[in-house]
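Summary of structural features
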Amino acid sequence: GGGGGAGMGTSAQAEAAGDHELPWKCMIAPTDSFSGQHAPDLHTATADSAGGEPRPGFAQGVGEQSFPAFVEDSSWVWAEDKKGRPGWIALPGQRGRIRFQVNASLGWAVIGFLETYAKVGVATCQLGDGLEKHINARISTKVSVMSMATLRTGHSTGMLNVTCQTDGNKFKITSLQSC
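As a convention, each chain's residues are numbered from 1 in the sequence order in which they are written. Only residues with pLDDT of at least 70 are given local features in this predicted model, and only at 80 or more are side-chain atom pairs given and counted; all residues enter the totals for whole chains, interfaces and linings. Hydrogens and waters are ignored; side-chain quantities use all the structure's heavy atoms.

Section: the environment of Leu-22
What counts here: We count a stretch as a helix when DSSP gives it H or I for four or more residues in a row; a strand needs E for two or more, and each element gets its number in order from the N terminus. We call two residues in contact when some of their heavy atoms are within 4.5 Å.
Tracing the backbone through its elements, the reader meets Leu-22 in the loop between helix H1 (10-18) and helix H2 (24-28). The spacing of Leu-22 and Val-110 is 88 residues in sequence and 9.2 Å in space, taken between C-alpha atoms. Not counting the four nearest positions on each side in its chain, Leu-22 is found in contact with Met-27, Trp-108, Val-110 and Thr-150.

Pasting the structure below:
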């Protein structure tokens, strides 16, 4: 289960501590930092995504240029599920993957995501050759908050992929930083 709170949920804090300590440099001066300002509403983005045949394999996602991604089988959309809150949203009913290229010079990435009490699930994410991390977006408190989860590589650094796959439920990625 996840924890709640402003900024970083308690479960994410425990995960960060368990991964040794995320270097402060990563939070103050990340190598890469992605987020977006504008997106269509979720209904419009979903309708646009459903307009054609799903793209087999990975293809460049249609979204904010400041937050580029590769999406598998049209399973994620760049959209706002709440006005003014854009992100990459996994469509329910599909177990699709999304991939981001980042410069992880120290072997770390931090994913910003939405934690909420209903209609969300788990994303399994990995940075390069690092261990997979299961990120549960569901919390018991009836609030919706932004949270963070840390990812660490095995041994590789430099240009790496952050890949996330959902369990078939909605999951929203709001930001991504690496160092």
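Description of the pattern of salt bridges
Convention followed: Note on definitions: salt bridges are taken to be side-chain nitrogens of Lys or Arg within 4 Å of carboxyl oxygens of Asp or Glu. The classification of residues rests on relative accessible area computed with a 1.4 Å probe and restricted to protein chains. Under 20% of the type maximum is buried, over 50% is exposed, and intermediate values are partly exposed.
Inspection of every chain in the model, using the stated rule, returns three salt bridges. Across the pair Asp-81 and Lys-172 runs a salt bridge, and its minimum N-O distance is 2.5 Å. Taken as a pair, Asp-81 in the loop between strand S4 (76-80) and strand S5 (86-90) and Lys-172 in strand S12 (residues 171-178) lie far apart in primary sequence, 91 residues in all. Residue Asp-81 is classed as partly exposed on the basis of its relative accessible area of 28%. Among the ionic contacts, a cluster of salt bridges with common partners joins Asp-81, Lys-170 and Lys-172.

Digging into the packing of aromatic side chains
Aromatic ring pairs are defined here through the distance separating the ring centres and the angle between the ring planes. As a reminder, the rule being used: Note on aromatic contacts: the rings of Phe and Tyr and the six-membered ring of Trp form a pair at centre separations within 6.5 Å, being stacked when their planes are under 30 degrees apart, edge-to-face when over 60 apart, and tilted otherwise.
Per the counting criterion, the structure on display carries four aromatic pairs. Judged by centre distance (5.7 Å) and plane angle (75°), the ring pair of Phe-67 and Trp-78 falls under edge-to-face. Residue Phe-67 is found in the loop between strand S2 (58-60) and strand S3 (70-72), and its partner Trp-78 is found in strand S4; the two are separated by 11 residues along the sequence. By relative accessible area, Phe-67 is classed as buried at 0%. Consider the rings of Phe-113 and Phe-171, whose centres lie 5.7 Å apart with planes at 15°: the pair is stacked. Of this pair, Phe-113 sits in strand S7 (residues 108-115) while Phe-171 sits in strand S12, and the two are 58 residues apart along the sequence. By the burial criterion, Phe-113 is buried, and Phe-171 matches it.

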